[in-house]
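Understanding the architecture of this molecule
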Amino acid sequence: MINKVDVAIIGAGTAGLAALRDVRRETDDFVMINKPPYGTTCARVGCMPSKTLIAAANAFHARTLLDTFGIRGADHLKADIPAIMERVRELRDHFVDGVLDATDDLDARNIAGHARLDGPNRVTVDGHTIEARQIILAPGSSPIVPKPWQAFSDHILTTDTLFEERDLPARIGVIGLGAIGVEMAQALARLGLEVHGFDGADHMAGISDEKVAESLRASLSQEFAVHLGVEVDLAAADDGVQIKWGDDSVVVDKVLVAVGRRQNVQDLGLETLGVPLDDKGLPEVDPQTMRIGQTPVLLAGDANAIRPILHESSDEGHIAGLNAVTDKPVRLDRRTPMTVTFCEPQVASVGKRASELDFDECLVGEIDFSTQGRARVMQENYGLMRIYASRDGGRLLGAEMAAPAAEHMAQLLALAIHKDHTVHDLLGMPFYHPTLEEGLRSALRQIARELPPCSISDLAGCGSMEVEALD
Ligand SMILES: Cc1cc2nc3c(=O)[nH]c(=O)nc-3n(C[C@H](O)[C@H](O)[C@H](O)COP(=O)(O)OP(=O)(O)OC[C@H]3O[C@@H](n4cnc5c(N)ncnc54)[C@H](O)[C@@H]3O)c2cc1C
């Protein structure tokens, strides 16, 4: 077995594999240690199976709109849940196979086991110690199930177990309506389950803009029971498990616990580094180098809780990999923040969130998609987008939205914010007709009207056409 290496990478998830690519480019003197299963959270139990289930749910839900289009007979359609779950697993296996290729040729440099730090330059795995000049930690995160609820384990699901279910029960509670909870609650409701969703906060899917949050609540409440601002508890019931909140309760067959994810650092030996740890057991990490203080240890991906989403985990693995194989620190700027929740309306945030802004200093443009032309044509006329720009010059700062096709409009805004564009810059771009992006343009024009005019021509995007169908 290998006793000494230049670089040890712990965790073969998205961050660890991104680090591996950069480390391999410079040296063969490395080991990768991963606690099985292999295949990454994203491909196995995260992004990909969840989106596969959502796609099936949305396809089935589309039948509810057919009558409006003048298409009859949809009442006869049925969701074959076992077949849907089988397809989720088939595609999941395909995505996992693709990921496994990345470690297939590592041979002895790929070690399956639980790694633990023993000081800044030593890792132990199954009683064997490996010395390393640099260590990249990328152990990811796991779903939290509060201890008192573990007694109901027969009725508890998490996203680690949901996609393994052969069939789904008639009634389900979803506790935690962050991005993952909202996505799954709506998908399960669309597949015909009776869904009760709960969250202690009064917002869902991480939205901080009050008006967008309210719009999202109004949309989702039409599809499943939404209980916000409630503390819930579980109790035994004859025919399932009881969810209790205030003076209310409901009995369900299963509960999907989506109350958050815990960084996998409990048994990682971080305390042997001699640096301060916070109340979650996490050290301070430089987000531009991923290094922990002055140590030879880097911490990347979900495990550092900085930006626990896929493209950021991948970036962090890349930054850690570069820094592990160079003597001079490589400091890289992080991308414009962006999140997408794949419910309908899709929820997205780009750049600064409402909660991070001083509204005395910024202008807000808003578009309600319930009356937007293209949204109405497609029968997707719901949701609200709010765009924030600086009062001084109209520089785009951020946006929050619960809107149709928000994933695409968020990408466009992320590009503009990243390039430091102003509202006028963006209005100078072409907007095809009829598109949902014309709604985005209306919000931009609302802001532009409060800015000093930039030119005499609408081509430069200063004014509105004042025609509903075009605006
Ligand atoms: C249901 C769900 C849906 C999601 N949807 C999206 C989405 O749509 N878009 C998006 O951007 N993000 C999404 N995410 C988040 C995304 O999946 C994560 O940000 C990403 O997978 C994190 O990658 P990672 O490398 O940090 O961790 P992981 O992929 O979890 O990898 C960590 C690896 O380290 C191993 N490990 C842990 N401890 C040790 C140890 N001590 N020794 C050795 N190995 C260890 C683990 O076994 C694992 O293989 C979703 C997550 C979930 C759960």
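Overview of the structure. Everything quoted here is computed from the prediction, not taken from an experiment.

**Some details on the nonpolar core**
By size, the foremost hydrophobic cluster in this structure holds 48 residues, and its most contacted members are Ile 33, Ile 135, Ile 136 and Leu 137. Discounting chain neighbours no more than four positions away, the residues touching Ile 135 are Ala 8, Ile 10, Leu 117, Pro 120, Asn 121, Arg 122, Val 123, Pro 296, Val 297 and Leu 298.

**Regarding the environment of Asp 105**
Residue placement: Asp 105 occurs in the loop between helix H5 (81-100) and strand E3 (110-112). Of the residues examined, Asp 105 reaches a relative accessible area of 42% and is grouped as partly exposed. Polar contacts involving the side chain of Asp 105 include one to the side chain of Arg 24, which spans 3.1 Å.

**Comments concerning the site of the ligand**
The full set close to the ligand counts 35 residues, and Asn 34, Lys 35, Thr 41, Lys 51 and Asp 302 are the nearest of them. At 2.8 Å from an oxygen atom of the ligand is found a main-chain nitrogen or oxygen belonging to Ala 15. In the environment of the ligand, an oxygen atom lies 2.8 Å from a nitrogen or oxygen atom belonging to the backbone of Leu 310. When the free accessible area of the ligand is taken as 1,000 Å², the share hidden by the protein chains comes to 91%. When residues of the shell around the ligand are traced back to their parent elements, those giving at least two are helix H1 (14-26), strand E2 (30-34), helix H2 (41-45), helix H3 (47-61) and helix H8 (310-324). For the shell around the ligand, a count of residues per class yields 17 nonpolar, 14 polar and four charged.

**Focus: the side chain of Thr 40**
With respect to the secondary-structure elements, Thr 40 resides in the loop between E2 and H2. Given the relative accessible area of 8%, Thr 40 is considered buried. Apart from residues no more than four positions distant in its own chain, Thr 40 is found in contact with Ala 12, Gly 13, Thr 14, Leu 17, Val 45 and Val 99.

**Topic: the pattern of salt bridges**
Scanning the model with the defined rule gives 28 salt bridges in all. One salt bridge connects Glu 223 with Arg 190, and the closest N-O pair in it is separated by 2.7 Å. Placement of the pair is Glu 223 in the loop between helix H7 (210-221) and strand E11 (225-228) and Arg 190 in helix H6 (residues 179-190), with a sequence separation of 33 residues. Shared partners join several salt bridges into a network, and the residues in it are Arg 92, Asp 93, Glu 164 and Arg 166.

**Quick word on the sheet that holds strand E13 (residues 240-245)**
Here three strands make up an open sheet; going across it, the order is E12-E13-E14 and the pairing antiparallel. Looking at which strands have only one partner, the edges of the open sheet turn out to be strand E12 (232-237) and strand E14 (248-252). Strand-to-strand twist in this sheet, taken as the mean axis angle between neighbours without regard to direction, amounts to 25°. Sheet analysis places E12 next to E13, joined by six bridges and oriented antiparallel. Each residue of the ladder has a partner; that of Val 232, found in E13, is Trp 245.

**What to know about a negative patch on the surface**
Together, Asp 358, Asp 360, Glu 361 and Asp 392 give the surface a local cluster of negative charge. Checked against the element boundaries, Asp 392 lands in the loop between strand E21 (384-390) and strand E22 (396-403).

**Thoughts on the packing of H1 against H8**
Look at H1 against H8: their axes get within 7 Å of each other, and the N-to-C directions meet at 35°. Taken as a pair, H1 and H8 cross one another with a handedness that is right-handed. Every residue of H8 that contacts H1 at Thr 14, Ala 15, Ala 18, Ala 19, Arg 21, Asp 22 and Val 23 is listed here: Leu 310, Ser 313, Ser 314, Gly 317, His 318, Gly 321 and Leu 322. Here the residues of the contact of H1 with H8 sort into six nonpolar, six polar and two charged.

**Some words on the pairing of strand E9 (residues 171-175)**
On any regular strand, side chains alternate: one points to one face of the sheet, the next to the other face. Most of E9 sits inside the fold, with five of its five residues counted as buried. Burial of the side chains of E9 extends over both faces: Arg 171, Gly 173 and Ile 175 are buried on one face and Ile 172 and Val 174 on the other. In this structure, E9 lies alongside strand E10 (residues 194-199), joined through five bridges in parallel fashion. Counted as the bridge partner of Arg 171 is Glu 194 from E10. Following the backbone out of E9, through H6 and into the adjacent parallel E10, one traces a crossover that is right-handed. The sheet contact formed by E9 and strand E15 (residues 254-257) spans four bridges and is parallel. Bridge pairing links Val 174 to Leu 256 in E15.

**Quick word on the sheet that holds strand E20 (residues 362-368)**
Taken together, the five strands give an open sheet; going across it, the order is E18-E19-E22-E21-E20, and neighbouring strands pair in antiparallel fashion. Of all the strands in the sheet, the pair left with one neighbour each is strand E18 (338-341) and E20. If you compare each strand with its neighbour and ignore which way they point, the axes differ by 10° on average. By the bridge criterion, six bridges tie E21 to E22 in an arrangement that is antiparallel. Looking at the pairing, Leu 384 lines up with Ala 402 of E22. Each of E18, strand E19 (346-351), E21 and E22 is contacted by helix H10 (residues 406-418), which is oriented at about 180° to E22, the strand it contacts most. The strands touched by helix H12 (residues 437-448) are E20, E21 and E22; relative to E20, the strand with the most contacts, the crossing angle is about 145°.

**Re the environment of Phe 152**
Note that Phe 152 resides in the loop between strand E7 (141-143) and strand E8 (156-157). Given a relative accessible area of 16%, Phe 152 falls into the buried group. The spacing of Phe 152 and Leu 234 is 82 residues in sequence and 8.1 Å in space, taken between C-alpha atoms. In this view, Phe 152 contacts Leu 234, Ala 235, Ala 236 and Val 241; residues no more than four positions away in its chain are not counted.

**A short note on the packing of aromatic side chains**
Any pair of aromatic rings gets described here by the distance separating the centres and the angle formed by the planes. This structure, assessed with the given rule, holds two aromatic pairs. Note on Phe 198 and Trp 245: the rings are 4.9 Å apart at their centroids and 65° apart in plane angle, and the pair reads as edge-to-face. Placement of Phe 198 in strand E10 and of Trp 245 in strand E13 is noted, with a sequence separation of 47 residues between them. The ring of Phe 60 has Arg 63 lying over it, and the distance from NZ or CZ to the ring centre is 3.6 Å.

Cut-offs applied
Residues numbered from 1 in each chain as written. Predicted model: local features only at pLDDT ≥ 70, side-chain atom pairs only at ≥ 80, totals over all residues. Heavy atoms only, no water. Core = buried A, V, L, I, M, F, W, Y, C linked by side-chain atoms within 4.5 Å. Buried < 20%, exposed > 50% of the residue type's maximum accessible area, 1.4 Å probe, protein only. Contact = heavy atoms within 4.5 Å. Helix = DSSP H or I, 4+ residues; strand = E, 2+ residues; numbered from the N terminus. Polar contact = N/O pair within 3.5 Å; in protein donor to acceptor, adjacent residues only side chain to side chain. Near = heavy atom within 4 Å. Areas by Shrake-Rupley, 256 points an atom, 1.4 Å probe, with all protein chains shown as cover. Nonpolar A, V, L, I, M, F, W, Y, C, P; charged D, E, K, R; others polar. Salt bridge = Lys/Arg side-chain N within 4 Å of Asp/Glu carboxyl O. Pairing = 2+ DSSP bridges. Axes fitted to C-alpha atoms, helices over the stretch in contact; angles between N-to-C directions. Patch = residues over 30% accessible without salt bridge, like charges linked within 9 Å, V, L, I, M, F, W, Y side chains within 5 Å. Lys, Arg positive; Asp, Glu negative; His and termini not counted. Charge placed at Lys NZ, Arg CZ, Asp CG, Glu CD. Left-handed = near helix turned anticlockwise from the far one by under 90°. Right-handed = clockwise from strand over helix to strand, strands pointing away. Phe/Tyr/Trp six-rings, centres within 6.5 Å; stacked < 30°, edge-to-face > 60°. Lys NZ or Arg CZ within 6 Å of the ring centre and 35° of its normal.

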